[in-house]
Amino acid sequence: MLGDILTPDLFASALRMATPLALAAIGGTLCERSGVVNIALEGIMLIGAFAAAAAGLATGSGWLGLLAAIAAGVAVSAIHAFSSINLKSDQVVSGTAINILALGVTGFLMELLYGHPGTTDPVPQMLRPVFHFPNGGEGVLGTVWTWINSIVFSHTPIVYLAIAVAVIAQWAMYRTRWGLRLRALGEHPRAADTVGINVSRGRWIAVMMSGALGGMAGANLVLEQVGSFTENMTNGRGFIALAANIFGRWTPVGSYLASLLFGFADALQIKLQLFRAEIDIPPQFFLMLPYVLTVVVLAGVIGRAVSPAAVGVPYEKG
Amino acid sequence: MSVLELREITKVFPGVVANDHVSLSLEEGEIIALLGENGAGKTTLMNVVYGLLSCDGGELLVDGRPVKIKSPRHAIDLGIGMVHQHFMLVQPLTVTENIVLGHEPARFGVIDFATARKKVLEISARYGLKVDPDSRIMDLSVGMQQRVEILKALYQGARILILDEPTAVLTPQEVRELFAVVRSLVNEGLSVVFITHKLEEVMAVADRILVMRDGRLVGETRPSDTDTVGLARMMVGRDVVLRVEKAPRACGDTVLEVDGLHVKDDRGLEAVRGVALSVRGGEIVAIAGVDGNGQREIVESIVGLRKPTSGTIRLKGEDITHASARSSIEAGVSHIPEDRHRRGLILEFTIAENLMLGDHRLAPYSTRGLMRPTAVTAMAKRRIVDYDVRTPSERVLASALSGGNQQKVVVAREIGRDPELLVAAQPTRGLDVGAIEFVHRQILKERDSGKAVLLVSLELEEISALADRILVIYEGRIVKEFAAGEADDETLGFYMTGGGGSKLAPETGATGARGEGER
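Residues numbered from 1 in each chain as written. Chains lettered and ligands numbered in written order. Predicted model: local features only at pLDDT ≥ 70, side-chain atom pairs only at ≥ 80, totals over all residues. Heavy atoms only, no water.

1. Some remarks on the environment of Asn98 of chain B
Residues and elements named next belong to chain B.
In step 1: Locating Asn98 in the fold gives a position in helix H3 (residues 95-100).
In step 2: Each C-alpha atom of the pair Asn98 and Val22 lies 33 Å from the other, and the pair is 76 residues apart in sequence.
In step 3: Aside from chain neighbours lying at most four places away, what touches Asn98 is Leu89, Val90, Leu93, Ile137 and Lys152. (Helix = DSSP H or I, 4+ residues; strand = E, 2+ residues; numbered from the N terminus. Contact = heavy atoms within 4.5 Å.)

2. Comments concerning a negative patch on the surface
In step 1: On the surface, Glu200, Glu459, Glu461, Asp488, Asp489 and Glu490 of chain B cluster together into a negatively charged patch.
In step 2: Structurally, Asp489 of chain B is set in helix H17 (residues 489-496). (Patch = residues over 30% accessible without salt bridge, like charges linked within 9 Å, V, L, I, M, F, W, Y side chains within 5 Å. Areas by Shrake-Rupley, 256 points an atom, 1.4 Å probe, with all protein chains shown as cover. Salt bridge = Lys/Arg side-chain N within 4 Å of Asp/Glu carboxyl O. Lys, Arg positive; Asp, Glu negative; His and termini not counted. Charge placed at Lys NZ, Arg CZ, Asp CG, Glu CD.)

3. Quick look at the sheet that holds strand E1 (residues 2-13) of chain B
Residue and element names in this part refer to chain B.
In step 1: The 4 strands are arranged E2-E1-E4-E5 in an open sheet whose pairing can be described as antiparallel. Sheet topology places strand E2 (16-27) and strand E5 (65-67) at the edges, where each strand pairs with a single neighbour. With direction set aside, neighbouring strand axes in the sheet form an average angle of 25°.
In step 2: Here strand E4 (residues 57-62) runs beside E5; their pairing, made up of 3 bridges, is antiparallel. Bridged to Leu61 within E5 is Pro66.
In step 3: Most of the contacts of helix H1 (residues 42-49) go to E1, to which it runs at about 115°, and overall it touches E1, E2 and E4. (Pairing = 2+ DSSP bridges. Axes fitted to C-alpha atoms, helices over the stretch in contact; angles between N-to-C directions.)

4. Comments concerning the packing of aromatic side chains
In step 1: Scanning the model with the defined rule gives 13 aromatic pairs over all chains in all.
In step 2: An aromatic cluster is built from Phe131, Phe133, Trp145, Phe153 and Tyr160 of chain A, whose rings are joined through pairwise contacts. (Phe/Tyr/Trp six-rings, centres within 6.5 Å; stacked < 30°, edge-to-face > 60°.)

5. Digging into helix H11 (residues 237-247) of chain A
Residues and elements named next belong to chain A.
In step 1: A large share of H11 lies buried, amounting to 9 of its 11 residues.
In step 2: Turning to H11, its buried residues are Arg237, Gly238, Ile240, Ala241, Leu242, Ala243, Ala244, Asn245 and Ile246.
In step 3: Taken together, the buried residues of H11 touch helix H2 (8-33), helix H3 (41-59), helix H10 (199-226), helix H12 (252-274) and helix H13 (283-301).
In step 4: Phi turns positive one or two residues past the end of H11, at Arg249, with a value near 50°. (Buried < 20%, exposed > 50% of the residue type's maximum accessible area, 1.4 Å probe, protein only.)

6. Side note on the domain arrangement of chain B
In step 1: The domains assigned to chain B are domain 1 (4-236), domain 2 (242-332 + 419-519) and domain 3 (338-418).
In step 2: Look at where the C-alpha atoms of domain 1 of chain B and domain 2 of chain B centre, and you get two points 35 Å apart. (Domains from an automatic or database assignment.)

7. Thoughts on the packing of H2 of chain A against helix H6 (residues 139-153) of chain A
Residues and elements named next belong to chain A.
In step 1: Remark: H2 packs on H6, axes separated minimally by 8 Å, with the N-to-C direction vectors making an angle of 20°. By the angle class used here, H2 and H6 are roughly parallel. The two elements H2 and H6 meet at a crossing, and its hand is right-handed. For the pair formed by H2 and H6, the contact residues are Pro8, Phe11, Ala12 and Leu15 on the first element and Thr146, Trp147, Ser150 and Ile151 on the second.
In step 2: The class makeup of the residues in the contact of H2 with H6 is 6 nonpolar, 2 polar and no charged. (Parallel < 35°, antiparallel > 145°, perpendicular 65-115°, else oblique. Left-handed = near helix turned anticlockwise from the far one by under 90°. Nonpolar A, V, L, I, M, F, W, Y, C, P; charged D, E, K, R; others polar.)

8. Let's talk about the sheet that holds strand E22 (residues 452-457) of chain B
Residue and element names in this part refer to chain B.
In step 1: An order of E18-E21-E22-E15-E23-E24 is seen for the 6 strands of this open sheet, with the pairing classed as mixed. Strand pairing shows two members of the sheet lacking a second neighbour, strand E18 (333-336) and strand E24 (477-483), which therefore form its edges. Across the sheet, the mean angle separating the axes of adjacent strands is 20° when strand polarity is ignored.
In step 2: Judged from the 5 bridges that link them, strand E15 (residues 284-288) and E22 form a sheet pairing that is parallel. Counted as the bridge partner of Ala286 is Leu455 from E22.
In step 3: Here helix H14 (residues 403-416) sits on the sheet in contact with E18 and strand E21 (421-425), set at roughly 175° to E18.
In step 4: Where H17 meets the sheet, its contacts fall on E15, strand E23 (469-474) and E24, and the angle it forms with E23 comes to roughly 35°.

What follows is the structure in structure tokens.
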């Protein structure tokens, strides 16, 4: 039976499941490195998902859906940036407000635009896998190729985009001027200020980048996984993403790898549900897996992982 | 022509005039000292020059041209660099990253780390400021971190360097090194503004001394034309007794008795290695030593903040070796901690609340678990008067007070409790002469009223001013004991650095700095 569970598509599915988490987690990384806590990622992702579905339905184009999701994510994150950076309000409160707002706004717009709650119609065009190579072949080589093909070449655009984002963000954070300044902002904003770095602007940019990535994560859910929008479809992924960010020690690649772990747990629970008949355990038990893993990982890591020193603290000049 | 000139600079904060028409000038290659008590407005003035604060009146000239400095960036572009009292360094970043931050050599946004590193090494060699460009700031000693701050200003092209209380955190050796660095900078054509409240430093390093009091410039002089007494008078506005008069001691019974004490430090290493000491009523026993030789651990064991591994501590015959901080207070031990921000005060609490801490569960401050605000307020008002805490009201947050007044709050609470034993750890650290005089008087008053005082200090001057007996500590052992006046500073320094023939003698000198570095 183990052979039935550990198939190529389990790992391919893990990569798919990891993608929205990773995008949001990297968003969280950039945001927190600049000194702003972003627990609004859940709401940003949800609004991004809705925007992807609405634009997809209205225009018939998946790509326009993705653009709309990114734009919506940036717009929502701007609320968070304004209240955290300009109004210096409590960032956790602001984030929570946005999460609640996102639930309400998406539910309201469902009624307004489509006349019913619950789930939208399927979008006419989803984002299709990038490559189309046939599986199989003779013997061992054929098996190896099937594994490689499923795990590496079976994916939709945003899955590859997420990997690219992780690598590029990691490089940029440690090799570019922007990255050095970002890291300084979250550790000692006054030090950055005294050498002439604009703290507010740097934080605004980081928060909006996290909004774009959160929106992209929502687009992935609708345009590459489900095909339609359902109320509260993010279902806590934004919070798991924050856990992945911490587990990844506030680095983009670390966030991606941590998301991969959570994604694998998710893929595994889906797979195990198929074996309900053989394993006599209620399916709800498997549904818990990713969340239990989150708790366990955080319990083990928190306290030892060091967050950016100035995260969550509004910057007061002078 | 002056490189920097201030004309009638005025800065007003709500309710306070921090700078009141201050005018001064700085010539090329000159070191001026800005001397004044905490809260005199020295730092505010320089923050205006550095563009961190905007001024409400007056004019600034750089190289004879009037300028309006709007931001630190602008100040840097004009050649003004500032080393702040609290370092502006990003702890997890490397030395190189910190130095180039904000002015990174880069191509298309990608930092050229090789060039950055080379430039850092060049400047470091040119001014004799040795530093490892690849270390992380958090692994460096405080003296090293300060060096990085100076390098940062030089990298940014500073011709005018403002040093804000640069010696506050340094060991005596590091202070000497800093003075040498400052002189070499001036030889290279830089001009330096040196902010301090320490009189000897001003005499040692300044070409010209400007004294500030209550936001105004009250005097200008040269080291050759004055002495520390004259400077202190100018700074405080009255005659200051730099050395408080001491009555002959009248010793009572033994109050504190420590025997065979062994204590481990935070890293689990043995910091105190078999210390025995006793303090009698009516005497001040001082522990002299270089920072990091076990003083902190001895103090923390006595006041119940750290568990000794072995040995006994007795207070009036009662065993308090394993007492908690609470039962140690109840037994009659008061503690003026070395770091008033970390342990002496809760900065977010009001003065009244801070004055009550430790006694908050006792009548009259609380009865049956309920606070009695009127009793607290009455006590606070009384102590504010008795201990001369300068504050508009007892409801002001402790964080709003100047360092000297904060320390007065700590002293008021600890002595106001009427303890059997007062443990004072660096009780005047970071204070100006006026506040030092006050704290010294209070400690002597305790002694004269027959209480026992254990004093830990890094300042030999303080020790010789107060102590009846001096114990010299080195590497966790008491290596020598002197009666008051028996040993001069040289002799004490000799034993403090392991000169007393201790078996552990070879690694002397750098102990303090190395301890910081390993943290």
